[in-house]
Amino acid sequence: MDCKQAEKLIPDFIKGEMDTRTAKQFLEHVDKCPSCKEELSIQFLVTVGMERLEDGEAFNLNDALSARIHTAVITITSRTMLKIG
């Protein structure tokens, strides 16, 4: 996966609307690409951060994004083991 593809997929990742194979490729790319990781952080802040601020919730971008990535990795691992889409 290249940067252009990864950047197009960021909104789908944030919304949790990615199939297992694409999510795995996306996370592998973002893990190795500081530019795409930064873009993910920015879009995550704009999308999720604004929602949380509107709701009056305390928000730590790094913790929330790390939790989202960790959850995606667990989901990918589980689906891969069960051979689900």
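Data block above holds the structure.
Notes on the environment of Asp12
Here is step 1 of the chain: Note that Asp12 resides in helix α1 (residues 3-15).
Here is step 2 of the chain: Put simply, Asp12 and Ala23 are eleven residues apart on the chain and 9.3 Å apart in space, counted from C-alpha to C-alpha.
Here is step 3 of the chain: In this structure Asp12 touches Glu17 and Met18, once residues within four positions along its chain are discounted.

What about helix α3 (residues 34-54)?
Here is step 1 of the chain: Under the 1.5 Å per step criterion, the end-to-end length of α3 is 29 Å for 21 residues, consistent within 8% with the ideal 30 Å.
Here is step 2 of the chain: A maximum bend of about 30 degrees is found in α3 at Leu45.
Here is step 3 of the chain: Turning to α3, its buried residues are Cys36, Leu40, Ser41, Phe44, Val48 and Gly49.
Here is step 4 of the chain: Buried residues along α3 sit against α1, α2 (20-32) and α4 (61-82).

Comments concerning the packing of aromatic side chains
Here is step 1 of the chain: According to the stated counting rule, one finds one aromatic pair in the structure shown.
Here is step 2 of the chain: With 5.1 Å between their ring centres and 35 degrees between their planes, Phe13 and Phe26 make a pair best called tilted. Of this pair, Phe13 sits in helix α1 while Phe26 sits in helix α2, placing them 13 residues apart in sequence. Neither Phe13 nor Phe26 differs from the other in exposure class; each is buried.

Focus on the pattern of salt bridges
Here is step 1 of the chain: By the definition in use, this model includes one salt bridge.
Here is step 2 of the chain: A salt bridge links Lys15 to Glu17, with the nearest nitrogen and oxygen atoms 4.0 Å apart.
Here is step 3 of the chain: For Lys15, a relative accessible area of 53% corresponds to the exposed category.

Considering α2
Here is step 1 of the chain: In this model, α2 (13 residues) spans 19 Å end to end at C-alpha, consistent with the 18 Å of a helix rising 1.5 Å per residue.
Here is step 2 of the chain: Those residues of α2 that sit buried are Thr20, Thr22, Ala23, Phe26, Leu27, His29 and Val30.
Here is step 3 of the chain: Looking at the buried side of α2, the elements it contacts are α1, α3 and α4.
Here is step 4 of the chain: Between the side-chain oxygen at the start of α2 and the backbone nitrogen of Arg21 there is a gap of 3.1 Å, and the oxygen is on Asp19.

Here's the deal with the environment of Glu28
Here is step 1 of the chain: For Glu28, the location among the structural elements is in helix α2.
Here is step 2 of the chain: Residues Glu28 and Ile42, spaced 14 residues apart in sequence, show a C-alpha to C-alpha distance of 18 Å.

Reading the values: the criteria
- Residues numbered from 1 in each chain as written.
- Predicted model: local features only at pLDDT ≥ 70, side-chain atom pairs only at ≥ 80, totals over all residues.
- Heavy atoms only, no water.
- Helix = DSSP H or I, 4+ residues; strand = E, 2+ residues; numbered from the N terminus.
- Contact = heavy atoms within 4.5 Å.
- Expected span 1.5 Å × (residues − 1).
- Bend = angle between axes of the 7 residues up to and from the residue.
- Buried < 20%, exposed > 50% of the residue type's maximum accessible area, 1.4 Å probe, protein only.
- Phe/Tyr/Trp six-rings, centres within 6.5 Å; stacked < 30°, edge-to-face > 60°.
- Salt bridge = Lys/Arg side-chain N within 4 Å of Asp/Glu carboxyl O.
- Polar contact = N/O pair within 3.5 Å; in protein donor to acceptor, adjacent residues only side chain to side chain.

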